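# Residue-level structure breakdown
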Amino acid sequence: MAITSSPLLSLLLLALLSHSSSSAAQNHSAVINISAVEAAVRDRAFELLRRTNQLVAVAPLPGPVAASGGGADVEASALRVRSNSLWADGVNETAATADTAGFTVPPRVVPAPFARRVDVVFVRFLLPDGAALFAAPQGYALAAPVVALLAYDVSSGPNGSEVALRALGAPVRVEFGNLSLSSSLNATQAPRCVTFAAASGKAVATHAMASATACAVTGTGHYGVAVRLEVPPPPTPTPAAVRQRWWAWTVVAGAGGVVALSFLAVTVAGAVRWSRRRRRDEMELRAAAGEELGRMAVRGSRMPSAKMVRTRPEMEEGSPLPWRR
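Thresholds, definitions, all that
- Residues numbered from 1 in each chain as written.
- Predicted model: local features only at pLDDT ≥ 70, side-chain atom pairs only at ≥ 80, totals over all residues.
- Heavy atoms only, no water.
- Helix = DSSP H or I, 4+ residues; strand = E, 2+ residues; numbered from the N terminus.
- Buried < 20%, exposed > 50% of the residue type's maximum accessible area, 1.4 Å probe, protein only.
- Salt bridge = Lys/Arg side-chain N within 4 Å of Asp/Glu carboxyl O.
- Disulfide = S-S within 2.5 Å.
- Pairing = 2+ DSSP bridges.
- Lys, Arg positive; Asp, Glu negative; His and termini not counted.
- Polar contact = N/O pair within 3.5 Å; in protein donor to acceptor, adjacent residues only side chain to side chain.
- Axes fitted to C-alpha atoms, helices over the stretch in contact; angles between N-to-C directions.

### What about the overall build of the protein chain?
Within the protein chain one finds five helices and 16 strands. Put simply, the protein chain has 325 residues, and 29% of those count as buried.

### A short note on the environment of Leu127
Tracing the sequence through the fold places Leu127 in the loop between strand 6 (117-125) and helix 4 (129-133). A residue is classified by how much of its surface remains accessible, and Leu127, at 36% relative accessible area, is partly exposed. Each C-alpha atom of the pair Leu127 and Val74 lies 8.9 Å from the other, and the pair is 53 residues apart in sequence.

### A closer look at the pattern of salt bridges
A complete count under the given rule lists five salt bridges for this structure. The shortest N-O distance in the salt bridge between Asp43 and Arg42 comes to 3.2 Å. Residue Arg42 is classed as buried on the basis of its relative accessible area, which comes to 18%. As a salt-bridge pair, Asp119 and Arg80 come within 2.7 Å of each other at their nearest N and O atoms. Of this pair, Asp119 sits in strand 6 while Arg80 sits in strand 2 (residues 74-82), and the two are 39 residues apart along the sequence. Here Asp119 and Arg80 have matching classes, each one buried.

### Here we look at the state of the cysteines
By definition, a disulfide links two cysteine residues through a covalent bond between their sulfur atoms. As enumerated under the stated definition, the model contains one disulfide in all. Residue Cys193 pairs covalently with Cys215 via a disulfide, S to S 1.8 Å. Between Cys193 and Cys215, the disulfide has an S-S torsion of -95 degrees and is therefore left-handed. Here Cys193 is found in strand 11 (residues 192-196), whereas its partner Cys215 is found in strand 13 (residues 214-217), with 22 residues between them in sequence. For the pair shown, Cys193 and Cys215 are each scored as buried.

### Focus on the pairing of strand 9 (residues 161-167)
For a regular strand, side chains alternate in direction, first toward one face of the sheet and then toward the other. In terms of strand pairing, strand 5 (residues 109-112) meets strand 9 through four bridges, oriented antiparallel. Bridge pairing links Val110 to Arg166 in strand 9. As paired elements, strand 8 (residues 146-153) and strand 9 share three bridges and run antiparallel to each other. Following the sheet pairing, Ala151 is matched in strand 9 by Val163.

### Focus: the pairing of strand 11
In terms of strand pairing, strand 11 meets strand 12 (residues 203-208) through five bridges, oriented antiparallel. In the strand pairing of strand 12, Arg192 is matched with Ala208. As consecutive antiparallel partners, strand 11 and strand 12 are separated by six residues, and within that stretch Gly201 has a phi angle of approximately 75 degrees, a positive value. Pairing analysis gives five bridges linking strand 11 to strand 14 (residues 221-228), with the strands arranged antiparallel. Following the sheet pairing, Phe196 is matched in strand 14 by His222.

### A few points about the side chain of Glu175
With respect to the helices, strands and loops of the structure, Glu175 is situated in strand 10 (residues 172-175). The charged side chain of Glu175 is buried without a salt bridge, its nearest counter-charge being Arg173 at 4.6 Å. Separated by 2.2 Å, the side chains of Glu175 and Thr213 make a polar contact.

### Some points on unusual backbone geometry
Pro113 follows Ala112 through a cis peptide bond whose omega is -5 degrees. Looking at where Pro113 falls in the secondary structure, it is placed in the loop between strand 5 and strand 6. Positive phi outside glycine occurs at Arg108, with the angle close to 65 degrees. Along the chain, Arg108 turns up in the loop between strand 4 (102-105) and strand 5.

### Concerning the sheet that holds strand 10
The antiparallel open sheet is built from four strands, whose spatial order is 3-4-10-13. Only two strands of the sheet have a single neighbouring strand rather than two, namely strand 3 (91-93) and strand 13. Each neighbouring strand pair of the sheet contributes to a mean axis angle of 15 degrees, computed without reference to strand direction. The pairing of strand 4 with strand 10 spans three bridges and is classified as antiparallel. Following the sheet pairing, Thr104 is matched in strand 10 by Arg173.

Structure below.
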């Protein structure tokens, strides 16, 4: 028996391991794609910014680079700026037209940790690939491509290390352009800004928008715009369903009443029996404390009887004489 059961146990363990590995692969696929896309954009931006400090368009990516990025459809731009210029003047890379995405870094922004030269990279994960990489909060839907505002220390090496931009004055502003507020979304409330975790692509916080198409953020990160979906009203029940529901409630109420009455009857009967038993026990205790009477059988019943008379009878004055033989 043990010989035949061991292969079966091994198969079960292999099935469980394969299921857990597939689930883990699905959970981490978005993280791998996000990091791969951002690494590909970073490398391409470093290559283009060697010849200029102006804003350059990074995407579309070359074929091998796009393949290493998981094939996601993105738009990206990059800009190299010195930290003292970033602190004094900031960066304004929003187009004049409102339908174009961009960002504005106000003055009094510092890189953390400190870096002398910083490459600011702006990445847009276009839909529908962006919706597959970033999960909107429950009950919401993405209304614009998710953007990533990233910064890298140029002097740390050929690939650069990622740094954060901390706004000590006015907040950083991210412009999303036109929002996809189509009738299919059934939006019932105003859009909200969403902050995503870079490690998992899940929404971690939401806040109100600074304007109709822009969000105010604290620095670098992954941001998006989501709208709450309308919850469809429940269907109106048909008369047959109403009658069936009332019939079910009547049956349940009747059964519950019968059970309640039965329980009450059993409880009352038990209480009466317990009261009688208690009184009988008290009488027996009182009888045991005094002189015990004898027992005699009268027509099949045992009744208490006295074995002797404590006081002898005496003739009272004026009573007739006893009859004698």
